[in-house]
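Structural description and commentary
Take a look at the letters that make up each chain.
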Amino acid sequence: MYTEIIKIIEGGMRREPAKVVQFAKKLADIFDEEGNARLAKGIRKVIDSGASNTLTMEQLTTTAPVDSETRMSIVDIFNPSENDFTIILPEIIERKVMDFIKIVENKDKIKSLGLPMQSSLLLYGIPGVGKTTIAKYISIQTKLPLVTARLDALISSLLGNTSKNIRKIFEYADSKPCILFLDEFDAIAKARDDEHEMGELKRVINSLLQNIDIFSQNNILIAATNHPELLDKAIWRRFNTVIEVSQLGADGVRKLIELYAENYKHDFSSDKKMDRIVYLLSKKTPADIKTIVTNAITQAVIQEKEEINVEDLLIENFQFEKHGNFTADELIKYLNDNGIPKLQIADILNVSIRQIRNNLKD
Ligand SMILES: Nc1ncnc2c1ncn2[C@@H]1O[C@H](COP(=O)(O)OP(=O)(O)OP(=O)(O)O)[C@@H](O)[C@H]1O
Ligand SMILES: [Mg+2]
């Protein structure tokens, strides 16, 4: 048994998955013989899930489509087995996302019953609200790699290979078990409605739209946009699931703050302080909240402060809103307006209390 363990470690260190699998199987056999069926089963389960994923990822990356002139990759590939994260969603959205995942997972069953099977999802919402994060989450849950194509970059590129590249991406995603994620999907509508755009590109876009139906019968398609107003009826009806990714409510904001601050000591665990911060950040997107909380932590680290507190978040929030462009007077007023005692403001900004009083008097 020790030989097998050493061989598995060797295989891992040298990045030889075949060797890892070979000796892990032997190890499972040994456990079986010793009457430890549970452990053997556990090992085989890990082998099975790992084998299918590594193969897919390898296949995916080596054959990923490239632009024929620049040889640059025209898709990004997200590997679900190497990623994991917590997502926080409003209940309604979470339910819709889970339903979509279930459709994907039960695809074969649905098809075998002769029911029409389509898995296409359109996510829309303002920047930073979590559209890409949801696509990645679905990838992790279904264990299917996420192949992302940014349509705005493809369409606006001056390469002139747009139509060829779009076709390549579809053909590629069609031949592999994966999720095709078309980000900045409104670029499609923009290009189609562009009066100056003639010929080839329009034809490709129209055929792309028609192909969505066929594609999503066998494959999984997710599209995302910040500009739903640009999409017309013909586009909307191609998607059997549509989700407006809206802002988190107070509950979600609270969970998100807890999530991003969980690895650093902070003084706002109490309901009262937390309520203040939730109120402060309630209009912000998850991306903004992440930036504000992680900036506060980064500042604490570089200033060798062991704890972050409400004032730190207030300061980071103010910086964020003002894009870093404000005077000391404005910051003093902001902290004062948000209930921070003058003495504390003086302490934070390292100035005298008299100066703070004078500032506020002005
Ligand atoms: N619901 C969420 N739960 C946890 N983290 C989130 C959530 N939504 C967004 N985030 C965080 O915010 C960041 C930005 O989110 P994301 O890229 O998904 O936004 P988006 O809607 O795709 O924005 P854009 O329109 O600019 O592409 C991510 O790094 C992610 O970590
Ligand atoms: Mg995005």
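Reading the values: the criteria
Residues numbered from 1 in each chain as written. Chains lettered and ligands numbered in written order. Predicted model: local features only at pLDDT ≥ 70, side-chain atom pairs only at ≥ 80, totals over all residues. Helix = DSSP H or I, 4+ residues; strand = E, 2+ residues; numbered from the N terminus. Rg over C-alpha atoms; globule rule 2.2 N^0.38 Å. Buried ≥ 20, exposed ≤ 12 C-beta atoms within 10 Å, placed from the backbone. Contact = placed C-beta atoms within 7 Å. Pairing = 2+ DSSP bridges. Axes fitted to C-alpha atoms, helices over the stretch in contact; angles between N-to-C directions. Near = placed C-beta within 6 Å. Nonpolar A, V, L, I, M, F, W, Y, C, P; charged D, E, K, R; others polar. Domains from an automatic or database assignment. Arc of directions from axis to C-beta. Core = buried A, V, L, I, M, F, W, Y, C linked by C-beta atoms within 7 Å. Parallel < 35°, antiparallel > 145°, perpendicular 65-115°, else oblique. Left-handed = near helix turned anticlockwise from the far one by under 90°.

1. Details of the overall build of the chain
When its secondary structure is counted, the chain shows 18 helices and six strands. Since a compact globule built from 362 residues should have a radius of gyration of about 21 Å, the 26 Å found for the chain marks it as more spread out than a globular shape. The buried share of the chain, taken over its 362 residues, is 31%. Partitioning the intrachain contacts of the chain with sequence separation of at least 6 by distance along the chain shows that 71% fall at a separation of at least 24.

2. Here we look at the environment of Ile-9
Looking at the element boundaries, Ile-9 is found in helix α1 (residues 2-13). Judged by local crowding, Ile-9 falls into the exposed class, with 12 C-beta atoms found within 10 Å. Sequence separation between Ile-9 and Ile-348 is 339 residues; the distance between their C-alpha atoms is 52 Å.

3. Remarks on the sheet that holds strand β6 (residues 241-244)
An order of β1-β3-β4-β5-β2-β6 is seen for the six strands of this open sheet, with the pairing classed as mixed. Strand pairing shows two members of the sheet lacking a second neighbour, β1 (76-78) and β6, which therefore form its edges. Across the sheet, the mean angle separating the axes of adjacent strands is 20° when strand polarity is ignored. In this sheet, β6 lies alongside strand β2 (residues 119-124) in parallel orientation, the contact comprising four bridges.

4. A short note on the site of ligand 1
Around ligand 1 sit 16 residues in total, of which Pro-127, Gly-130, Thr-132, Thr-133 and Pro-286 are the nearest. Broken down by secondary-structure element, the contributors of at least two residues to the shell around ligand 1 are α6 (131-142) and α14 (286-302). When its residues are assigned to classes, the shell around ligand 1 shows eight nonpolar, six polar and two charged.

5. With respect to the pairing of strand β3 (residues 146-150)
Burial within β3 is extensive, with four of its five residues counted as buried. One ladder, built from five bridges, connects β3 with strand β4 (residues 179-183); its direction is parallel. In the strand pairing of β4, Leu-146 is matched with Ile-179.

6. Quick look at the domain arrangement of the chain
By domain assignment, the chain separates into domain 1 (2-55), domain 2 (76-244) and domain 3 (250-361). Residue-level contacts link seven residues of domain 2 with eight residues of domain 3. Here the residues of the side of domain 2 that touches domain 3 sort into four nonpolar, three polar and no charged.

7. Quick notes on helix α13 (residues 271-281)
All of the buried residues in α13 are Ile-277, Val-278 and Leu-281. Summarising the axial view, the buried residues of α13 lie within an arc of 100°, below the 170-degree limit, and thus occupy one face. Facing away from the buried surface of α13 by more than 90 degrees, the exposed residues are Lys-272 and Tyr-279. Here the buried face of α13 lies against α12 (250-261), α14 and α15 (310-321).

8. Concerning the nonpolar core
One finds Leu-123, Ile-179 and Ile-222 to be the most contacted residues of the largest nonpolar core, which totals 51 residues. Filtering out sequence-adjacent residues up to four positions away, Ile-179 remains in contact with Ile-138, Ser-139, Leu-144, Leu-146, Val-147, Ile-220 and Ile-222. By size, the runner-up hydrophobic cluster in this structure holds 22 residues, among which are Leu-248, Leu-256, Val-310 and Leu-335.

9. Here we look at the environment of Asn-263
Summarising the element assignment, Asn-263 is placed in the loop between α12 and α13. With 8 C-beta atoms packed within 10 Å, Asn-263 lands in the exposed category. Between the C-alpha atom of Asn-263 and that of Ile-188, which follows or precedes it by 75 residues, the distance is 41 Å.

10. Observations regarding the packing of helix α9 (residues 186-193) against helix α10 (residues 200-218)
In the contact formed by α9 and α10, the axes pass within 9 Å of each other and the chain directions differ by 135°. It follows from the interaxial angle that α9 and α10 lie oblique. As α9 runs across α10, the sense of the crossing is left-handed. Between α9, through Ile-188, Ala-191 and Arg-192, and α10, the contact on the second element is made entirely by Leu-201, Lys-202 and Ile-205. Of the residues that constitute the contact of α9 with α10, the class distribution is four nonpolar, no polar and two charged.

11. Looking at the packing of α1 against helix α2 (residues 17-33)
Taken N-terminus to C-terminus, the directions of α1 and α2 make an angle of 160°; their axes are 8 Å apart at the nearest point. On the basis of the axis angle, α1 is roughly antiparallel to α2. Read as a crossing pair, α1 and α2 show a hand that is left-handed. The segment α1 lies against α2, with Glu-4, Ile-5, Lys-7, Ile-8, Glu-10, Gly-11 and Gly-12 engaging Lys-19, Val-20, Phe-23, Ala-24, Lys-26, Leu-27 and Ile-30. Among the residues making up the contact of α1 with α2, the classes are represented as seven nonpolar, two polar and five charged.

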